[in-house]
Structure formats: C-alpha cells, structure tokens
Amino acid sequence: MKKNQLVVFILSLALILFFWKNTLLNFDNSLYDWNDSLYTIWIIENNLGHFKNLNLQSLYDTSAMYSFKYSLSFAEHLFFPSLLLLPISYVVDNPIALLNFWLIINHLLVYVSSYVLIKSLAKNTWAALIAAFYFSFSPYFISQLGHIHMITSWPLMLSLHALLQMDATQKTRHAVFAGMLAGLQFTTTMYLGIMNLVVIGLYLIADLTLTKNWQKVLQRLAIILSAFLIIAAISIYGYLAAQKTYSGNRELSEYILYSAHLTDYLFTDKSQNSLLYQHALVKKWNNYNHHVIGERAVFIGFLPSLLLIYFFLKIKPTKQNIKIFLTFNKKTFFIILLLITGFIFSLGPRLNVNGAYVHLPLPYLFLLKYLPLSSALRALGRWYFLVCLGTTLTLGLAIARLLNQLQDRVQRLLIAILLIIITVVEFFPQPLPAVAKTWWHPADQYLKTQLCSEKKAAILEYPFVYRSQDANLIKDLQYKTNILLTSTQHDCQVLSGFSGYEPLRYQQIKKQLDDDLTSRDAFTLIKELNLSYLKLNKFALFSEEIQPLMQTLKQLGFQSIYEDHQVVIYQVP
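Residues numbered from 1 in each chain as written. Predicted model: local features only at pLDDT ≥ 70, side-chain atom pairs only at ≥ 80, totals over all residues. Heavy atoms only, no water.

Per the counting criterion, the structure on display carries 41 aromatic pairs. With a centroid separation of 6.3 Å and 90° between ring planes, the pair formed by F558 and Y570 is classed as edge-to-face. Of the two residues, F558 sits in the loop between α24 (543–555) and β10 (559–563) while Y570 sits in strand β11 (residues 567–571), which places them 12 residues apart along the sequence. Of the two residues, F558 and Y570, neither departs from the other in class, the shared state being buried. An aromatic cluster is defined as three or more aromatic residues linked by ring pairs; in this entry it consists of F19, W20, Y32, F133, F137 and F428. Seen from the ring of Y70, K69 lies directly overhead, with NZ or CZ sitting 6.0 Å from the centre. Between R378 and the ring centre of Y258, over which it is positioned, the NZ or CZ distance is 4.5 Å. (Phe/Tyr/Trp six-rings, centres within 6.5 Å; stacked < 30°, edge-to-face > 60°. Helix = DSSP H or I, 4+ residues; strand = E, 2+ residues; numbered from the N terminus. Buried < 20%, exposed > 50% of the residue type's maximum accessible area, 1.4 Å probe, protein only. Lys NZ or Arg CZ within 6 Å of the ring centre and 35° of its normal.)

Structure, rendered in structure tokens:
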C-alpha cells in the first residue's frame, strides 16, 4: 500500500469513528437506538453470565420468558461476539458501554475485512479502498443498524476471502478456514450464517459450471461443511432443541409482511442522510414509496448502478453499429448468481409492489414448502444483503478495470480521488445521534438488593404489552426491551420479554393474564407458575385501570412490599 493509499485507509477508519462520535463522547450512558439494541444487550449479558460461571447446562436459557427452556434460541445466539467481549467484560461491567464498544469495533472490522476481500478479488488497492468504504456505509448496513447481528458481517467477508485464496493457492487449509468462519458467522446470527452457506454454495456452483470438475468441487464442499459443522454445532443444537420442544411454525403472512417490495430497489432509506440523499429531489422521490411496514430493501446507489452497467456490459462501436458484450467468467458468474439470488429471495413468497399485496407466487414460496431450512429466516427482506455484497464485489472489479485502463499514473490517482469524493458524498451519512435514557429505576434496585439476591425467584412484569394512553409500536418495543435489559442486572427470573418467536403456551399465558389479571383463573395460573412476585408497572397501564386493579389485588391477598409513583411490587400469596 502506497503512502497516499495508506492515508485514505486511515481517513476511512477516522470517518467511521467520526460517524460514531456522539457514542464515543457518551460511551457509558447513551445509545443510538433504544429499541432492539436493548434486546442485543440482553442476549450478550446472558451469554457472558453463562460463560463466566461455566454454566453450559443452561447455555440456551435466559433470564426472561420464564419458565420456557431454550429461550435464547427464539432468536439469535450471538455466541461469537459474546466470546470476544468476555475478556473486556471483566474490565467494563456497564452493559451500555460494552455494547457501544462492540458496535464501533465491529464497524471497523467490517471495513477492514471488506478491504481484504476486495483487494484479493480485484488486485487493486484503490478499488479495495473505495468498495470497502461503500460496503461499510452501504444502504444495507445503514438500514440494518438497528439489528446489530445483521451488521456483524465480517466473518462472512473473511470466509469469502478464504474461498478466493482456496482457488489462488489450491491449498486445503483455505477451505477449512472458509468453513470455520462460516461457522463463527452462524454462531453470531442464523441469518448471515445461512447466507454465508448460500454464498459458499453459489461460489462452488460457479466453479462447477465453468470447470466441470465434480470431484474437486465435492471434495471442497465436504471440507467446508465439515469445518462449518464443527464450529456451528453449538448453535445448531440449540435451534434444533427449541424446534423439537416447541415445533414452532410461522404463518405465511408473517413471511410476506417481512419481505421486500419490488419497488424498494428504487428508493433510498430515511436513515441514509448523506449529502446527496438529503437533496430535495431525492426526498421528493422517496415520498412515492408507500412501503412503510415490515422489512425493506434499498436502492443500491447511483455510482454503483453506473459501474455495474460499465462492468457487465462492454460497448464496442463499429462502422456499421454498436456491439454490446456481456462480461462472463467465474467471478462475474458468481456475482450474477449473488445478485439474482439476493433479489429474488428478498421479495419473499408472494409479490408486493409499493405497499400493495399482488398475490403472485414467487420462488421462495416453493422453498418454504420443500426446504424446511428456508423457514428459519423470518425477515426475508434481509436477503438484500446478497444484493449489496454482489454490488460491492462488482464495484471493486469495475473500479479496478477502469483504473487499469489508464496508462498515466497521475490520471489514475485523479480518477481514484474523484471516485472517493463521489462515494463519500453519496454514502457517508451524518454522525449517529446518541441518546441517554434512564433505564435503571429504584424498583429495579429493590429487586436486585432485596428480593433477588438470596434466591432466583420468579417475577411477573405486568402488563406484558405497553397499553397506556400514549401507546404505540415503538413505546411497546421499548417497554419490553427495557424489561429484558434490567433482567440482566438482577437474579430474578422474569415472566415477560420480547423475542422473534413466542411459543404457543407463552402466548396463551400472556393473553390470559393480560385480559384479566384479577380473575380467579389468572390467580390460579400465577400460583401454578410458581411466581413469587408481581411487578405492576403503573406507567404502562391506562390511568383509569390502575386503582381498581390495585384494590382487587389487595383483596386477593397480594401484599405490597414496594411502591413508588411508577411501580408497585407485590408478594404473591
């Protein structure tokens, strides 16, 4: 790497840190997102507790959703990030600071791993620097910032790099590395773990199509899958155990809701607030996007779109006409497979167009029917990741070709600088805001020091759903995830929570208690569940129902042992 390229590399890292500057300045008490981030903290803190106590028997159980086994497997495991954070957690015991540390380190690793991948693919440092910056602030990355597991993608990038090295060196160890890294990705998130396997599969399909060497491809596949299974077994077991216990099946409508709409690829996301996307014309265009609920894909960008056309289509003028050639080799075939697969899978089982359900069946409907593994992923719009990955690889190759065609070194430098400026203007967003909130309340301290310190009692956090006068989806999510966050700081088991999947029995319990907590059946259920305490969150209830509810609980024999203006804690009789 030349001196000017090293400067760009360092500046790119500096821009990532600048993007997180508000978080860095408020490291201990502020988050850019107080919704799903608290859910992530809950998972990591549960994992750290199990790791520190060597409590592997309860590895898949959590502090919430009492008393349901394998509750960690209702969503992502995040084992690999938790393991990396384990030594840090002995120094940093603040869960907010620990998550912020991971977010920033992860973003830097995403950039570095992308650079390493594109450098090995395109063999051009400038191309690697620009494409890596694009991926680090890509429409996918920015739109998924609220889902931390979905932006922890650097193991996948290094796994693909290992595949390229496998071809370059013909050494078995790179196939082993590719499988191991895919396994680490799976222990982080099932979403990107499965996508990592699809990426490997598409790469081997491209290899087989062009080489026709069945023996070599099958041998590589066997090595990669063996390495993958050794690493990923810890997560695979947890998911299979949960599936066997609860036989969870989702309705088709849920997959449709969380699928991308065909028109998503024409609009930017509101979180993309770069200099270009803040332009009035872009904002006006985005007003035509009527897809407002569920998972979405995003426009890949103006510069990548132009360079994709430039890369795949060679235009050669002749005396009579203009000839257009399609670039085709192993690399381009692999990228085409990535783009097509990501695009089709992201649209889900039935077509949606700009907020309207069209009913037309799509290929993923047949996958859901005949390939059980495909049903493990709920938010199908996230297959857009493969589109972004394919775009990043194409961007690197296109820039490398463009620069390599220039003979003059100064011209190459000027074009590279121009492309960097355009990339920054189009994709670098404003720094993330970081907001401080009070999440630890006196009632939680009372639970920790007075009720949960001697034994692991079970407590009902009521209501399950935020239903005050100002209720909305965001407040409900924040209410549930805050319960999860506080549950990591005391030793009580909590009957409440929030997850990507809820067992049928949990739904029944939640409905029965939420419908009428003071009924005789509800009282009997509370006793059957061996709940020791009831934490009544008054702030989450309608104001007119608080006093009648408290009066009835008193008549039923619930003894108030703590009360403030927001919370009452009762001992169950």
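There is more to say, and it comes next.
A word on helix α23 (residues 520–528). Looking only at α23, the buried set comprises A522, F523, L525 and I526. The arc enclosing the buried residues of α23, seen along the axis, measures out at 160°, which places them on a common side. Summarising the geometry of α23, the exposed residues directed more than 90 degrees from the buried face are R520, D521 and E528. For α23, the elements touching its buried residues are β7 (458–462) and α22 (504–515). (Arc of directions from axis to C-beta. Contact = heavy atoms within 4.5 Å.)

Moving on, we get to the state of the cysteines. Under the defined criterion, the tally for this structure stands at 1 disulfide. Paired through a disulfide, C452 and C492 show a sulfur-sulfur distance of 1.8 Å. Between C452 and C492 the disulfide shows an S-S torsion of about -95°. By sign, it is left-handed. Taken together, the residues span a long stretch of sequence, with C452 in the loop between α20 (442–451) and β7 and C492 in the loop between α21 (473–487) and β8 (493–495) at a distance of 40 residues. We note that C452, like C492, is buried. (Disulfide = S-S within 2.5 Å.)

On to unusual backbone geometry. The step from Y66 to S67 runs through a cis peptide bond, and the omega angle for that step is 0°. Relative to the helices and strands, S67 resides in the loop between α3 (36–52) and α4 (79–89). For the bond from Y462 to P463, the omega torsion is 5°, close enough to zero to count as cis. Along the chain, P463 turns up in the loop between β7 and α21. A positive phi angle, close to 50°, is found at L54, a residue other than glycine. Relative to the helices and strands, L54 resides in the loop between α3 and α4. On the basis of relative accessible area, L54 is assigned to the exposed category, the value being 70%.

Read across the sheet, 5 strands follow the order β8-β7-β9-β11-β10 without closing on themselves; strand pairing throughout is mixed. Each of the sheet's edge strands pairs with one partner strand only, and the pair in question is β8 and β10. Strand-to-strand, the axes of this sheet are offset by a mean angle of 25°, without reference to chain direction. Strand direction decides the pairing type here: strand β9 (residues 533–537) and β11, joined by 5 bridges, are antiparallel. Note that in β11 the partner of L536 across the bridge is V568. (Pairing = 2+ DSSP bridges. Axes fitted to C-alpha atoms, helices over the stretch in contact; angles between N-to-C directions.)

At a minimum axis separation of 10 Å, helix α1 (residues 3–19) and helix α5 (residues 95–122) run at an interaxial angle of 150°. Of the possible angle classes, the one that applies to α1 and α5 is roughly antiparallel. In this structure, α1 meets α5 at a crossing whose hand is right-handed. Contacts between α1 and α5 involve F9, S12, L13, I16, L17 and F19 on the former and, on the latter, I104, H107, L108, Y111, V112 and Y115. (Parallel < 35°, antiparallel > 145°, perpendicular 65-115°, else oblique. Left-handed = near helix turned anticlockwise from the far one by under 90°.)

Before going further, it helps to examine the pairing of β11. Burial runs high along β11: 4 of the 5 residues are buried. Here β10 runs beside β11; their pairing, made up of 4 bridges, is antiparallel. Following the sheet pairing, E563 is matched in β11 by V568. Taken together, β10 and the strand that follows it, β11, pair antiparallel across an intervening segment of 3 residues.

A separate point is the side chain of H490. As for its position among the elements, H490 is in the loop between α21 and β8. Classification of H490 as buried rests on a relative accessible area of 6%. Among the polar contacts listed, one links the side chain of H490 to the backbone nitrogen of C492, at a separation of 3.1 Å. Setting aside residues no more than four positions away along its own chain, H490 makes contact with L447, K448 and C452. (Polar contact = N/O pair within 3.5 Å; in protein donor to acceptor, adjacent residues only side chain to side chain.)

Our focus in this paragraph is the layout of surface pockets. Each pocket or cavity is described by its volume, and for the second largest pocket that value is around 800 Å³. Along the walls of the second largest pocket sit 33 residues, with E45, G49, T488, H490 and D491 positioned nearest its centre. With 6 residues, the single largest contributor to the lining of the second largest pocket is α3. Residue composition of the lining of the second largest pocket, grouped by class: 9 nonpolar, 17 polar and 7 charged. (1 Å grid on protein atoms, 1.4 Å probe; cavity = no way out; pocket = protein on both sides within 12 Å on 5 of 7 lines; lining within 4 Å. Points joined across faces, edges and corners; volume = space filled by probe spheres on them. Nonpolar A, V, L, I, M, F, W, Y, C, P; charged D, E, K, R; others polar.)

Looking at the chain, the pLDDT average stands at 92 and 97% of residues meet or exceed 70. By mean pLDDT, the top-scoring element of the chain is helix α6 (residues 125–136) (97), and the lowest-scoring one is strand β3 (residues 322–326) (59). (pLDDT = per-residue confidence, 0-100.)

Turning our attention to the nonpolar core. Within the largest apolar cluster, 143 residues are counted, with the highest numbers of intra-cluster contacts made by F334 and L393. Here this core takes 14 residues from α5, the largest share from any one element. Excluding residues that lie within four positions of it along the chain, F334 makes contacts with L160, V199, L202, Y203, A206 and L393. One finds M65, Y246, I526 and L553 within the second-largest nonpolar core, a separate group that totals 33 residues. (Core = buried A, V, L, I, M, F, W, Y, C linked by side-chain atoms within 4.5 Å.)

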